[in-house]
Amino acid sequence: MNLDSGGAPVMVASDLDRTLIYSANSMALVGSDHLAPRMVVAEVYDAAPLSFMTRAAEELLEGIVERSVFVPVTTRTQAQFSRVRLPGSGRGYAVTTNGAVLLHEGEPDRDWSRHIRRSLGSECAPLDDVLGHLTGSAADPAVLRVRTAEDYFVYSIVDRQALPDVYLDELNDWCGARGWTTSLQGRKLYCVPAPITKEAAVEEVRRRSGSGLLVAAGDSRLDAGILELADIAIRPSHGELHNDSFSRPNLTVTSASGVMAGEEILRFVSDVLARPATHGPLAGSLSGHPVPSG
Ligand SMILES: [Mg+2]
């Protein structure tokens, strides 16, 4: 692996929810309330604050946005993403809708959307088949609401406690046989066509921006591809990949979990950017706990 960017800008690709920003329910704060970190609101929904990051995390992100090609990479739809306010919002590239949409300076790239539509054609079952499966006779009562995301994929709001593991396994197999993948994140269960990936869009942005070194962060199975694509990757010690014990040689796992993991990820990335041109040594010597490949 060549960690020398050779003068090319470093690209930082990061998932948002439960990686950089956190709802009140996912913060996992520990310790006394009076010692809790100061927070900033990263998203308002229906006139109420919904997602947060620590103030220190926001300051770190401001520095990262100045020094790198920073690309938010999210499964959120364009509308859901537009509510998120981060340093650098609306500038440069952003990947939404799990990679189906590439935003540049806030505008969707038509060539990319056309490319994605074409790639869906023969490789996977139509969206209506998956929608029908989730709402038809095979539906589980713990699947409370089913929604489509810009007609690219399907997500359901589920009652996590009541949702049987066997249903998830069967759904995963059913989808797999039809060229779709599943991911469970909090109360959201995603079914996504296999060709719609975050990593394909990140690779495209890397090419267009002429970036060299790629640093990536994410917490769910839908982020596994960008973590594998990256030269240096980090994930929080919570979430779907953590439950899977996901590990790779280039991957560091945070010490903290919850909203403090978000801050730790940004400190880690900031440290990578602060290093001289080679951006070495490897991730393992930084803060956090590298895990052996397995
Ligand atoms: Mg996430």
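No experiment lies behind these values; they were computed from the predicted model shown. (Residues numbered from 1 in each chain as written. Predicted model: local features only at pLDDT ≥ 70, side-chain atom pairs only at ≥ 80, totals over all residues. Heavy atoms only, no water.)

### A short note on the pairing of strand S4 (residues 48-54)
Two faces make up the sheet, and in a regular strand the side chains alternate between them. One ladder, built from two bridges, connects strand S2 (residues 22-23) with S4; its direction is antiparallel. Opposite Ser 23, over in S4, you have Ser 51 as the bridge partner. Of the pairings in the sheet, the one linking strand S3 (residues 39-45) to S4 comprises six bridges and is antiparallel in character. From the neighbouring strand, Met 39 faces S4, where its bridge partner is Thr 54. (Pairing = 2+ DSSP bridges. Helix = DSSP H or I, 4+ residues; strand = E, 2+ residues; numbered from the N terminus.)

### Quick notes on the pattern of salt bridges
Scanning the model with the defined rule gives 14 salt bridges in all. With a closest N to O distance of 2.6 Å, Arg 208 and Asp 109 form a salt bridge. Here Arg 208, found in helix H6 (residues 198-209), pairs with Asp 109, found in the loop between strand S8 (107-108) and helix H3 (110-120); they are 99 residues apart in sequence, far enough to count as distant. Among the salt bridges present, the one from Arg 206 reaches Asp 231, with a minimum N-O distance of 3.0 Å. With Arg 206 in helix H6 and Asp 231 in the loop between helix H7 (224-229) and strand S14 (232-235), this pair connects stretches of sequence that are 25 residues apart. What makes Arg 206 buried here is its relative accessible area of 16%. What you see here is one network of salt bridges that share partners, running through Asp 17, Glu 43, Arg 76 and Arg 83. (Salt bridge = Lys/Arg side-chain N within 4 Å of Asp/Glu carboxyl O. Buried < 20%, exposed > 50% of the residue type's maximum accessible area, 1.4 Å probe, protein only.)

### Some thoughts on the packing of helix H4 (residues 127-135) against helix H5 (residues 165-176)
The geometry of H4 relative to H5 is characterised by a closest axis approach of 12 Å and an angle of 160° between their N-to-C directions. Our classification of the angle between H4 and H5 gives roughly antiparallel. The crossing of H4 and H5 is right-handed. Contact residues: H4 offers Asp 129, Val 130, His 133 and Leu 134, while H5 offers Tyr 167, Leu 171 and Trp 174. Across the contact of H4 with H5, the residue classes break down as five nonpolar, one polar and one charged. (Axes fitted to C-alpha atoms, helices over the stretch in contact; angles between N-to-C directions. Parallel < 35°, antiparallel > 145°, perpendicular 65-115°, else oblique. Left-handed = near helix turned anticlockwise from the far one by under 90°. Contact = heavy atoms within 4.5 Å. Nonpolar A, V, L, I, M, F, W, Y, C, P; charged D, E, K, R; others polar.)

### What to know about the packing of helix H1 (residues 55-67) against helix H9 (residues 259-274)
Where H1 meets H9, the axes come as close as 9 Å, and the angle between the chain directions of the two elements is 30°. For the pair H1 and H9, the sense of crossing is left-handed. Contacts from Ala 56, Ala 57, Leu 60, Leu 61, Ile 64 and Arg 67 of H1 reach H9 at Glu 263, Leu 266, Arg 267, Val 269, Ser 270, Leu 273 and Ala 274. In terms of residue class, the contact of H1 with H9 is built from nine nonpolar, one polar and three charged.

### A look at the confidence of the model for the protein
Across the protein, the average pLDDT comes to 91, with 92% of residues at or above 70. The low-confidence segment residues 278-288, where pLDDT is below 50, has 31 contacts with residues more than four positions distant or belonging to other chains. (pLDDT = per-residue confidence, 0-100.)

### Some thoughts on the pairing of strand S10 (residues 153-158)
Burial analysis of S10 places six of its six residues in the buried class, the great majority of the element. Alternating positions in S10 separate into two faces, Phe 153, Tyr 155 and Ile 157 on one and Val 154, Ser 156 and Val 158 on the other, with burial throughout. Relative to S10, strand S9 (residues 143-149) runs antiparallel, the two sharing six bridges. Looking at the pairing, Val 143 lines up with Val 158 of S10. Between S9 and S10, which pair antiparallel in sequence order, lie three residues; one of them, Glu 150, sits at a positive phi of approximately 50°.

### With respect to the domain arrangement of the protein
Looking at the protein, the domain boundaries give domain 1 (11-117 + 196-290) and domain 2 (124-193). Between domain 1 and domain 2, the C-alpha centre-to-centre distance is 25 Å. Each partner contributes to the interface: domain 1 provides 17 residues, whereas domain 2 provides 15 residues. Both sides of the domain 1 and domain 2 interface together cover about 1300 Å² of buried area, and 53% of this is carbon and sulfur. It is Arg 117, Ile 196 and Leu 222 that lose the most area in domain 1 upon contact with domain 2, and together they represent 33% of the buried surface on that side. The interface formed by domain 1 and domain 2 includes zero salt bridges. Here the element with the most residues in the side of domain 1 that touches domain 2 is H3; it accounts for three residues. Here the residues of the side of domain 1 that touches domain 2 are counted per class, giving five nonpolar, eight polar and four charged. (Domains from an automatic or database assignment. Buried area = accessible area lost by both parts, 1.4 Å probe.)

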